[in-house]
Amino acid sequence: MLIVGLGLIGGSLAAALTRGGWEVGGTDAVPGRIRRARELGFISREEPDFLRAVSAYDVIVLATPVRTIRTLLESLRTARLRPGAVITDVGSTKAGIVRLAEEVFRDRGVYFVGGHPMAGSHKAGLEAAHADLFENAYYVLCPAAGTPEGALALVREVLAPTRAKLVTMDPDVHDRVVGLISHLPHVVAAILVHMVLERRNESDWYYYLAAGGFKDLTRIAEGDPAMWRDILLENREVVAAYLEEIARRAETLARLLRNADDFGQGENFEGDLEGTADVEEFLYRFFSEASRYRRALPEKRRGAIHPLFELYARIADRPGEIGRLTTLLGEHGINLTNLEIFELREDVWGILRLAFRNESDLLRAHEVLQEAGYDVEFPR
Ligand SMILES: NC(=O)c1ccc[n+]([C@@H]2O[C@H](COP(=O)([O-])OP(=O)(O)OC[C@H]3O[C@@H](n4cnc5c(N)ncnc54)[C@H](O)[C@@H]3O)[C@@H](O)[C@H]2O)c1
Ligand SMILES: O=C(O)C(=O)C[C@]1(C(=O)O)C=C[C@@H](O)C=C1
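Residues numbered from 1 in each chain as written. Chains lettered and ligands numbered in written order. Predicted model: local features only at pLDDT ≥ 70, side-chain atom pairs only at ≥ 80, totals over all residues.

In the nomenclature of an unreviewed UniProt entry, the protein is known as Prephenate dehydrogenase of Brockia lithotrophica. Its UniProt record, at the heading Sequence similarities (unreviewed entry), says of the protein: "Belongs to the prephenate/arogenate dehydrogenase family." Under Catalytic activity (unreviewed entry), UniProt gives the following word-for-word description of the protein: "prephenate + NAD(+) = 3-(4-hydroxyphenyl)pyruvate + CO2 + NADH". (UniProt positions renumbered as here; feature names shortened; annotations may be inferred.)

Looking now at the pairing of strand β6 (residues 111–117). Summarising burial for β6: 7 of the 7 residues are buried, a large majority. The alternating pattern of β6 places Y111, V113, G115 and P117 and F112, G114 and H116 on opposite faces, both of which are buried. In terms of strand pairing, strand β5 (residues 86–89) meets β6 through 3 bridges, oriented parallel. Among the inter-strand pairings, I87 is bridged to a residue of β6, identified as F112. Chirality of the crossover, the property in question, places the unit of β5, helix α5 (residues 95–105) and β6 among those that are right-handed. Sheet topology note: the β6/strand β7 (residues 138–143) ladder contains 5 bridges and is antiparallel. (Buried ≥ 20, exposed ≤ 12 C-beta atoms within 10 Å, placed from the backbone. Helix = DSSP H or I, 4+ residues; strand = E, 2+ residues; numbered from the N terminus. Pairing = 2+ DSSP bridges. Right-handed = clockwise from strand over helix to strand, strands pointing away.)

Ranked by internal contacts, the top residues of the largest apolar core, which has 65 residues, are M1, I3, L13, A14, I60, V61 and V86. Two domains each put at least three residues into this core: domain 1 (2–169) and domain 2 (175–258). Counting 11 residues, the second-largest nonpolar core is a separate cluster that includes A313, I334, L352 and L369. (Core = buried A, V, L, I, M, F, W, Y, C linked by C-beta atoms within 7 Å. Domains from an automatic or database assignment.)

The local shell around ligand 1 holds 30 residues, among which G5, G7, I9, S92 and G120 are the closest. Within the residue set of the shell around ligand 1, elements represented by two or more residues are α1 (8–19), α4 (66–75), β6 and α10 (225–234). Take the shell around ligand 1: its biggest share by element is 3 residues, from α1. (Near = placed C-beta within 6 Å.)

Pairing within the open sheet is mixed, and its 8 strands lie in the order β3-β2-β1-β4-β5-β6-β7-β8. Each edge of the open sheet is held by one strand with a lone partner, namely β3 (45–46) and β8 (165–168). Set on the sheet, α1 makes contact with β1 (2–4), β2 (25–27), β4 (59–62) and β6; between it and β1 the angle comes to about 165°. (Contact = placed C-beta atoms within 7 Å. Axes fitted to C-alpha atoms, helices over the stretch in contact; angles between N-to-C directions.)

Another aspect to go through is α4. Listed as buried for α4 are V66, I69, R70 and L72. One side of α4 carries all its buried residues, which in axial view fall inside an arc of 165°. The outward face of α4, more than 90 degrees from its buried face, is lined by the exposed residues T71 and E74. Along its buried surface, α4 packs onto β1, β4, β5, α5 and α10. (Arc of directions from axis to C-beta.)

Let's shift gears to the environment of P379. Mapped onto the secondary structure, P379 falls in the segment after β12 (375–377). C-alpha of P379 to C-alpha of R45: the two residues are 334 residues apart in sequence and 38 Å apart in space.

See the structure below:
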C-alpha cells in the first residue's frame, strides 16, 4: 500500500504494516522525510510523486492534516487509479472527508473507507513515530455509502498488524464523540495556557508554581498548531456547540459560587446535578461524580498514547533520596529528561515524576528501580 504523509501517524502506520509483512510505499510533501522513512525501515519504496504513484497501489492511506486530506481527495478526482482500489485516511474528523470522498469516487469502481486511530501524541513528525503506537487503541472506520464488504475487509486486513481494535461507526456520530473527548479538551487546554501566559507580566509565580495539575491538564496544548487549526475548522459546528455548552455550565457554576449564601433560589443546572438542594451538596456531587467516572476510564495500555514516557516513584522524604535514585539510573546509562516532586504526602513519603527520552529508557528505568526495591508505577 501507499502511505501519503510520513509524520507521526503515517510513519507509525508504515512501521506497523512493514513489520506485519506488507510492502509499503511512502510519499510526503517534504522529500527528506521519504528518504528518512526508508532509512528507518518504515517503507520499502520511495514515491516522490504522489499523483504518478497512486496508479500502482491497491490501497492508499492519506495521513496528512485533515484539510490537506481534502486537497488530496480533490486531486484524486481525475487521477488514474487501479480498478477496485481502496482509499482510506487517518484524519481526526470524518463527516466532511467521507462526504467529499463519496462525491469524488462515485461510480468510479474505487472505494473509500474513512479511518481514525484513537492513539497519538502531542508530538508530531516521523521521529516520534513507532510501530506499537496503535496497539490496543480503538481505530474507527467509516465506510463511505455503497462501499462493498470486500473493500472494508481489505482495509481491516491491511490494518491488522497495528493490533488496534477496529470498529465501524457513522461519521457524524464519530465527529460528535471525538468533538467532546478530543477536540474540546484541546481547546480548553489552550484557553487555560492563554489565561496563564497573558498574566506573565503580572507575576512570575504563574510560571513557577505550575505543578502537576496544570501540567497534566495542559500537556495536549503542545499539539501541532496546523493539525489543530484544521481539526477545528473541519468540525466547527460540533466544537462550537460544545464550547457554548461549557460556557453555559461555567456561568452557572460562577453564579453558584457568587451566590453561595442564597443558593436554592431556582438555579438550573444541566445534566445529572439538576435539582441539587444546597451548595455543599452540589459541589460535593459535582466533584465526586466526575472523579468516579474518571477513575473508571480504562488504564493506559502498552502502545496506546504513552507520549511522555513517564514513571512515578515513591521515595522517602529524606535528604539524599533523590540523588540515590538518579545515580542508580545514571549507573545503568538511563537518561532522565525531567524530574519533578509531584506530590508530597502528609507522611514522610514523596512522589517523584520521572520523564525519559523514549519507551526503551522508560521500561528499563521501571525494571531497574523495581529491582532496587522502589515502588514505581506508570501514569494512568
Ligand atoms: N497526532 C495525533 O495524535 C493524531 C492521532 C490520530 C489522527 N491524527 C490525524 O492524523 C493526520 C496526520 O497527523 P500527524 O500527527 O501524523 O501529523 P504530522 O505533522 O506528524 O505529519 C503529517 C505529514 O504529512 C505531510 N504532508 C503535509 N501535506 C502533504 C501533502 N500535500 N502531500 C504529502 N504529504 C504531506 C507532512 O510533511 C508531514 O510529514 C492528521 O489528519 C491528524 O488529524 C493525528
Ligand atoms: O495523546 C494526545 O496527545 C492526543 O492528543 C491524541 C488524540 C486525543 O485527543 O486523544 C488527538 C487527536 C487524535 O485525533 C486522536 C488522539
